[in-house]
Amino acid sequence: LFFFVALALSVGTGLGFRSADQSHLAFSHEALTDIAPHPYDPLKLLAASEKEVYLREGNQNWRKLISSPGGSASFQKLIAHSNLPEKIFLLTGEGVIETNLKGAPPQWIFREANPKKNRVYSFAIHPDDPKRLYVGTERGLFRSPDGGKSWLEPFEWPENQPIEFVSFLTSPSPPLLLGTHRELFFAKDEEDPFESGFSLPLSSL
């Protein structure tokens, strides 16, 4: 990850980076966990450490956008999407945090009472309806029809198969894709049964 970040910072001429650029991220003791393009401005870039999110605007220095709301949760993945251009979603082992590009106080929109038994792995926004959010966990796929205000119980899902990614294919009716460590599932609609579309042979694991 550090190699790709260094590469992005050194060759991203569109962002105004130079190999000798001293406008670096000051993480202190924290680890860099994820980077993401700005949802609507190609001259900006977002980066997350374990406890903070930073924003770089063109040739300017990085500035801290938000800090963790506290507790043991560390930022593991940063989600910025053009369908919700002002919002940022941060995945942690305990749940999902929402904030915005203006540095609003972060708030939990998805959090399990016992996160040790239901770790969050993935997150997606429906391409046609940004109020429909999806969280992939160890127990299955949680869905929100109202932007995270409420969540439906997950449908029946095979045990010991955490949903490590959630995505959509581009089509007139985007099919939903779910991935585990060895198998890909798809459904034409989220209410339809999921079918296995690809799986790795056990000998390859």
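Residues numbered from 1 in each chain as written. Predicted model: local features only at pLDDT ≥ 70, side-chain atom pairs only at ≥ 80, totals over all residues. Heavy atoms only, no water.

(A) Focus on the packing of aromatic side chains. Considering all chains together, one arrives at four aromatic pairs under this definition. Seen from their ring centres, F89 and F123 are 4.8 Å apart, and the 35° between their planes marks the pair as tilted. In this pair, F89 sits in strand β6 (residues 84-91) while F123 sits in strand β9 (residues 120-125), placing the two residues 34 residues apart along the sequence. Across this residue pair, the class does not change: F89 and F123 are buried. Taken together, the ring pairs connect F110, F142 and W151 into an aromatic cluster. Here the guanidinium or amino end of R111 rests over the ring plane of W108, the centre of that ring lying 4.0 Å away. (Phe/Tyr/Trp six-rings, centres within 6.5 Å; stacked < 30°, edge-to-face > 60°. Helix = DSSP H or I, 4+ residues; strand = E, 2+ residues; numbered from the N terminus. Buried < 20%, exposed > 50% of the residue type's maximum accessible area, 1.4 Å probe, protein only. Lys NZ or Arg CZ within 6 Å of the ring centre and 35° of its normal.)

(B) Structural detail: the pairing of strand β7 (residues 95-100). Across the six residues of β7, five count as buried, placing the element largely inside the fold. In textbook terms, the turn of a hairpin is the stretch between consecutive antiparallel strands, and for β6 and β7 this stretch comprises three residues. Examined bridge by bridge, β7 and strand β8 (residues 107-111) share four bridges and lie antiparallel to one another. By the bridge assignment, G95 is partnered in β8 with R111. If you look at the hairpin formed by β7 and β8, you'll find six residues sitting between the two strands, and G103 has a positive phi there, around 80°. (Pairing = 2+ DSSP bridges.)

(C) A look at the pattern of salt bridges. Counted by the stated rule, this structure contains five salt bridges. With its nearest N and O atoms 3.9 Å apart, the salt bridge here joins K44 to D41. Among the ionic pairs, K87 bridges to E98, the shortest N-O distance being 3.5 Å. A residue pair is termed long-range when its members are at least 10 positions apart, and K87 in strand β6 and E98 in strand β7 qualify at 11 residues. Given the relative accessible area of 10%, E98 is considered buried. (Salt bridge = Lys/Arg side-chain N within 4 Å of Asp/Glu carboxyl O.)

(D) Structural view of the sheet that holds strand β14 (residues 183-187). Spatially, four strands are ordered β12-β13-β14-β15 in an open sheet, and the strand pairing comes out antiparallel. The open sheet has two edge strands with one neighbour each: β12 (165-168) and β15 (195-199). Averaged over all adjacent pairs, the angle separating strand axes in this sheet is 25°, with direction ignored. When β12 meets strand β13 (residues 176-179), the two strands line up antiparallel, connected through four bridges. Its bridge partner being in β13, F168 is matched across the sheet by L176. (Axes fitted to C-alpha atoms, helices over the stretch in contact; angles between N-to-C directions.)

(E) A look at the side chain of E52. If you trace the backbone, E52 turns up in strand β3 (residues 52-57). Within the local environment of E52, its side chain forms a polar contact with the side chain of Y54, the two groups lying 2.4 Å apart. Within the local environment of E52, its side chain forms a polar contact with the side chain of K64, the two groups lying 3.2 Å apart. (Polar contact = N/O pair within 3.5 Å; in protein donor to acceptor, adjacent residues only side chain to side chain.)

(F) Molecular detail of the pairing of β14. Only one face of β14 is buried: it carries E183, F185 and A187, and the other face, with L184 and F186, is open. Hairpin geometry of β13 and β14 is characterised by an intervening segment of three residues between the two adjacent antiparallel strands. As paired elements, β14 and β15 share four bridges and run antiparallel to each other. Residue pairing across strands places F186 opposite E195, the latter belonging to β15.

(G) Region of the structure containing the confidence of the model for the chain. Per-residue confidence for the chain averages 78 on the pLDDT scale, and 79% of its residues sit at or above 70. Predicted confidence is poor over residues 1-22, with pLDDT under 50, and the contacts of this stretch with residues over four places away or in other chains come to 29 contacts. (pLDDT = per-residue confidence, 0-100. Contact = heavy atoms within 4.5 Å.)

(H) Summary view of the environment of K51. Inspection of the secondary structure puts K51 in the loop between β2 (44-49) and β3. Note: C-alpha distance between K51 and S67 (16 residues apart in sequence) is 5.7 Å.

(I) Examining the sheet that holds strand β10 (residues 133-137) more closely. With respect to topology, three strands assemble into an open sheet ordered β9-β10-β11, the strand pairing being antiparallel. Looking along the sheet, the strands with just one partner apiece sit at the ends: β9 and β11 (141-144). Strand-to-strand twist across the sheet, computed as the mean angle between neighbouring axes with direction ignored, equals 20°. Relative to β10, β9 runs antiparallel, the two being bridged by five bridges. The residue bridging S122 from the neighbouring strand is G136, located in β10.

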